[in-house]
Amino acid sequence: MSVLESPLILYEKGLMPNTWSKMFDDVANLGFDGIEISIDESDERLARLDWTEKDCLSLISQAKQSGVLLQSVCFSGQRRFPMGSADPAIVQKSLDMMRKCIRLCQSLGVRVLQVAGYDVFYEPSNSSTYRRYIDNLAKMTQIAERHGVVLAIEPVEAGVVSITKALDIIREINSPFLQIYPDIANMASLGIDYFPEFEAGVGHIAQIHIRDALPNFFYGVDIGTGIIDFDKTFQMFDRLHLSCPLTLETWNLENPQYLDDLRHAKQFIEQHLKM
């Protein structure tokens with residue numbers, strides 16, 4: 001298998017908000033294979049955790065009509081309610097949300113649920129918060145096993161910052177339903193050489209976020225304008241026989257030129273995949 005055969009997924013926030021039917025049509029017309037749904041910190045998106053079976057069936061039907069795969073869910077809402085918090089009420093809220101999100105993925109037929117590697121985000125991190133994050137992630141992994149949903153840790157800018165740190169957790173929890181969802185830009189922004197990181201993570205990488213980066217700058221870098229060497233990166237993926245889905249992560253929530261920007265980004269990725 002080759003990385004050239006990897007499905008190309010679009011992060012929902014790469015689109016301007018619209019009806020699901022319109023967004024699915026955009027994904028299909030741009031030539032992406034599927035979409036990654038965002039459940040972030042906003043009340044609006046957190047409300048998706050309470051979708052009914054009827055809501056889920058409607059979404060599945062609309063996606064199928066457009067020929068779009070519901071590939072993954074990016075669950076960044078736990079930044080607001082982290083599993084490692086020192087506040088027991090926040091921890092309980094976080095675990096309740098995670099249970100709902102796992103069930104939602106099962107109802108939607110979503111394959112991968114991305115779990116951010118933050119033990120905490122808006123409060124101080126220490127050995128206790130990090131330990132609590134791991135212990136609670138272990139509990140949630142057992143629930144994910146029962147629902148057949150793969151949890152995938154995203155290394156971020158604090159907490160779990162690398163693939164090797166995620167691997168330590170994966171080896172401890174020891175479940176095929178806990179894997180890694182690396183973001184090349186996060187590690188590059190921190191100055192981490194992600195080439196040996198990917199080599200270490202082979203066999204545990206469920207999906208990969210693709211975007212550009214600048215040193216110590218984590219969001220909003222137009223693809224091809226930062227420090228990522230995409231030719232060498234994709235060649236490395238190919239050498240490691242990685243053919244998991246690649247997700248273009250970008251933000252166009254208030255960009256009326258989003259379709260043009262996404263066409264450019266997709267063409268850029270495809271050109272460099274062929275190098």
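For the structure, see preceding data.
Residues numbered from 1 in each chain as written. Predicted model: local features only at pLDDT ≥ 70, side-chain atom pairs only at ≥ 80, totals over all residues. Heavy atoms only, no water.

1. Some details on unusual backbone geometry
A positive phi is found at Asn174, a non-glycine position, where the angle reads about 60°. Inspection of the secondary structure assignment puts Asn174 in the loop between helix H6 (163–173) and strand S6 (178–180). For Asn174, a relative accessible area of 64% corresponds to the exposed category. Of note, Asn216 is a non-glycine position whose phi angle comes to about 55°, a positive value. Its location among the elements puts Asn216 in the loop between strand S7 (208–210) and helix H9 (230–239). (Helix = DSSP H or I, 4+ residues; strand = E, 2+ residues; numbered from the N terminus. Buried < 20%, exposed > 50% of the residue type's maximum accessible area, 1.4 Å probe, protein only.)

2. Structural notes on the environment of Ala185
Relative to the helices and strands, Ala185 is located in helix H7 (residues 184–189). The class for Ala185 is buried, based on a relative accessible area of 0%. A C-alpha to C-alpha distance of 8.0 Å links Ala185 and Leu214, two positions 29 residues apart in sequence. Ignoring any residue separated from it by four or fewer positions in sequence, one finds Ala185 in contact with Arg211, Asp212, Ala213 and Ile228. (Contact = heavy atoms within 4.5 Å.)

3. As for the pattern of salt bridges
Going through the model one piece at a time under the given rule, you end up with 16 salt bridges. Its salt-bridge partner being Arg45, residue Glu12 comes within 3.3 Å of it at the nearest N-O pair. Note that Glu12 is positioned in the loop between strand S1 (8–11) and helix H1 (20–30) and Arg45 in helix H2 (residues 43–46), a separation of 33 residues in sequence. In terms of burial, Glu12 and Arg45 fall into one category: buried. The partner of Glu199 in a salt bridge is Arg239, and the shortest N-O contact between them spans 3.1 Å. (Salt bridge = Lys/Arg side-chain N within 4 Å of Asp/Glu carboxyl O.)

4. Examining the pairing of S1
Here S1 shows a buried face lined by Leu8 and Leu10 and a second buried face lined by Ile9 and Tyr11. In this sheet, strand S8 (residues 246–248) lies alongside S1 in parallel orientation, the contact comprising three bridges. Its bridge partner being in S8, Leu8 is matched across the sheet by Leu246. As defined by bridge partners, S1 adjoins strand S2 (residues 34–39) across three bridges and the pair is classed as parallel. Its bridge partner being in S2, Leu10 is matched across the sheet by Ile35. With H1 bridging S1 and the parallel S2, this β-α-β connection has right-handed handedness. (Pairing = 2+ DSSP bridges. Right-handed = clockwise from strand over helix to strand, strands pointing away.)

5. Focus: helix H10 (residues 258–273)
Look at H10: 22 Å from first C-alpha to last across 16 residues, which is about the 22 Å you get at 1.5 Å a residue. Looking at the buried residues of H10, the elements they touch are S1, H1, S7, H9 and S8. (Expected span 1.5 Å × (residues − 1).)

6. Concerning the nonpolar core
Among the nonpolar cores identified, the biggest contains 83 residues, and Phe198 and Phe237 are the most heavily contacted of them. In terms of residues, this core owes the most to one element, helix H4 (residues 88–108), which gives nine residues. Each residue touching Phe198, except ones within four places of it in the same chain, is listed here: Ile163, Pro182, Ile184, Met187, Ile205, Ile208, Met236, Phe237, Leu240 and Leu242. (Core = buried A, V, L, I, M, F, W, Y, C linked by side-chain atoms within 4.5 Å.)

7. Considering the packing of H9 against H10
Running from N to C, H9 and H10 point in directions that differ by 60°, and their axes come no closer than 9 Å. Judged by the angle between their axes, H9 and H10 are oblique. Every pair of crossing elements has a handedness; the one defined by H9 and H10 is right-handed. Along its contact with H9, which presents Phe230, Asp231 and Phe234, the element H10 presents Phe268, Ile269, His272 and Leu273. Residues of the contact of H9 with H10, tallied by class, amount to five nonpolar, one polar and one charged. (Axes fitted to C-alpha atoms, helices over the stretch in contact; angles between N-to-C directions. Parallel < 35°, antiparallel > 145°, perpendicular 65-115°, else oblique. Left-handed = near helix turned anticlockwise from the far one by under 90°. Nonpolar A, V, L, I, M, F, W, Y, C, P; charged D, E, K, R; others polar.)

8. Details of the environment of Arg45
The buried category is assigned to Arg45, whose relative accessible area is 10%. For the pair Arg45 and Gly77, spaced 32 residues apart in sequence, the C-alpha separation works out to 8.4 Å. Apart from the residues lying within four places of it in its own chain, the contact partners of Arg45 are Glu12, Lys13, Ser38, Ile39, Asp40 and Leu253. Only 3.3 Å separates the side chain of Arg45 from the side chain of Glu12, close enough to count as a polar contact. (Polar contact = N/O pair within 3.5 Å; in protein donor to acceptor, adjacent residues only side chain to side chain.)

9. Quick notes on the sheet that holds S8
If you trace the eight strands from one edge of the open sheet to the other, you get S6-S5-S4-S3-S2-S1-S8-S7, paired in parallel fashion. Looking at strand neighbours, the two that pair on one side only are S6 and S7, the edges of this open sheet. Across this sheet, the average inter-strand angle for adjacent strands is 30°, counted without regard to direction. Where strand S4 (residues 112–116) meets strand S5 (residues 150–154), five bridges bridge the pair, whose relative direction is parallel. Its bridge partner being in S5, Val112 is matched across the sheet by Val150.

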